[in-house]
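# Examination of the molecular architecture
What follows is each chain in one-letter form.
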Amino acid sequence: AVAVASVAWLGLSAWAIATDSRTGEVTALALGMALLASVWLLLRAADSERRRWQHTLDAMQAGIVLYDADDRLVLSNAEFRSLYQLEDSLTTRGMQFEELLRTRVLRGLVPEAVGHEEAWIAERLAQHRSGEGRSFLREMADSRWRRITEQRLPDGSRLGFSVDITELVENQRALDAARHDAERAHQLLHDAVEAMPAAVEIYDRSDRLVLFNQRMLLLYPHMHGRTLLGETFEALVRNAVAHAKVPDALGREEQWLAERLKGRGRASAPRLQQAPSGAWLQIYETPMPRGGMVTVRLDASETVQQREALHAALERAANEHALLDDAIESLPDGFALYDSDDRLLLCNQPYREIYRDSAPAMIVGASFESIVRYGLERGQYPQAGVTDVDR
């Protein structure tokens, strides 16, 4: 609208200038000069507007380029020309896209094209001419990354727009590396847990199961087929009790649950518990420094069996010892038993009565000599003289 108004105003001005003020007639020379002045003013105004728009584009923090319907460069801003080491906009205007592309490739400004330049150029031309508006990433010669968007306009021209996304790419790479490291660490932890000769469970700060190994399922087969990850410890324990898989809890389920959950989350002494299979488990629950809990269940069946066998052996020995004591005490004669070092192992009451004075010294472990000397000092053996004792 501004341009049309300007042309109309210039035309009227030219007509007024070209009209002879005395005769009212229009002279050809005056009219021509007026028209030339009008065109000059219009072109000057257009050039001023073009420079203003060019300055605006040059100030933008993005590379901008426009190709016409014949794929010739119409305009570009300072950042675009700097990226591709192009001359000023006047010397590059009118160049074909393919010519510009080949110039960039030959200058080594496209790292991904090095070594297969022609194939890369052909692929890039096909992409450019497809007419589909799309965005893609490209590494530039300065090792920075840009997102390039090409869009076909309604008149057939193509607008290119690129922005620096190096920081975004680097952040994404760092995120991918961190995710890879985390996945690798998790896999190593999983493999380590699976390799352990014990059932292992790991719970998070909310006491929810986040990792377990197959040995745990072998101990509690009723959990097969269930989605265990994310379940709370309390829910898992209540489920086991509800399915009568905790022998210790039978008949006192709620009391057992209250005892089992009491103090959960704090370090405690190892717990001995029987599994559904009848095996005995030594359970260690260890809080982690940053929250959560690690539970390790070791098969203690052999230890329990050995302990029970030892208790049974001790009980049998005690019974046999008591039986032997009763048998010895029942003898009508005195009886004493000394070991290979001549120390008293046992003696019966008749023996103590025979050697009444020596009886207080007859304690298990006392030597025969100490017992005899004790008796001599108290006249146990009247037949022994002083000389004999000295000897």
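Residues numbered from 1 in each chain as written. Predicted model: local features only at pLDDT ≥ 70, side-chain atom pairs only at ≥ 80, totals over all residues. Heavy atoms only, no water.

## A word on the packing of helix H5 (residues 97-106) against helix H6 (residues 117-129)
With their axes 11 Å apart at the nearest point, H5 and H6 run at an angle of 145° to one another. The way H5 lies across H6 gives a crossing that is right-handed. Where H5 abuts H6, its residues Phe-97, Glu-98, Leu-101, Arg-102 and Val-105 lie against Glu-117, Glu-118, Trp-120, Ile-121, Arg-124, Leu-125, His-128 and Arg-129. (Axes fitted to C-alpha atoms, helices over the stretch in contact; angles between N-to-C directions. Helix = DSSP H or I, 4+ residues; strand = E, 2+ residues; numbered from the N terminus. Left-handed = near helix turned anticlockwise from the far one by under 90°. Contact = heavy atoms within 4.5 Å.)

## With respect to the pairing of strand S6 (residues 199-203)
The element S6 is largely enclosed, with a buried count of five among its five residues. Pairing of S6 with strand S10 (residues 293-299) involves five bridges; the strand directions are antiparallel. Residue pairing across strands places Glu-201 opposite Thr-295, the latter belonging to S10. Pairing analysis gives three bridges linking S6 to strand S7 (residues 209-212), with the strands arranged antiparallel. Across the sheet, Tyr-203 pairs through a bridge with Leu-209, a residue of S7. (Buried < 20%, exposed > 50% of the residue type's maximum accessible area, 1.4 Å probe, protein only. Pairing = 2+ DSSP bridges.)

## Notes on the pairing of strand S12 (residues 344-347)
Sheet analysis places strand S11 (residues 336-338) next to S12, joined by three bridges and oriented antiparallel. By the bridge assignment, Tyr-338 is partnered in S12 with Leu-344.

## Observations concerning helix H10 (residues 253-261)
For H10, the full list of buried residues reads Trp-256, Leu-257 and Arg-260. Angular distribution of buried residues about the axis of H10 spans 100°; they occupy a single face of the element. Summarising the contacts, the buried residues of H10 are in contact with helix H9 (233-242), strand S8 (271-274) and strand S9 (280-287). Trailing H10 by a residue or two, Gly-263 shows a phi angle of about 75°, which is positive. (Arc of directions from axis to C-beta.)

## Quick look at unusual backbone geometry
Most of the time, phi is negative for any residue but glycine, and the peptide bond is trans. In the Ramachandran plot, Ser-143 falls in the positive-phi region, its phi being about 70° despite a non-glycine side chain. In this structure, Ser-143 sits in the loop between strand S3 (134-139) and strand S4 (145-152). Accessibility expressed as a relative area gives 48% for Ser-143, which makes it partly exposed.

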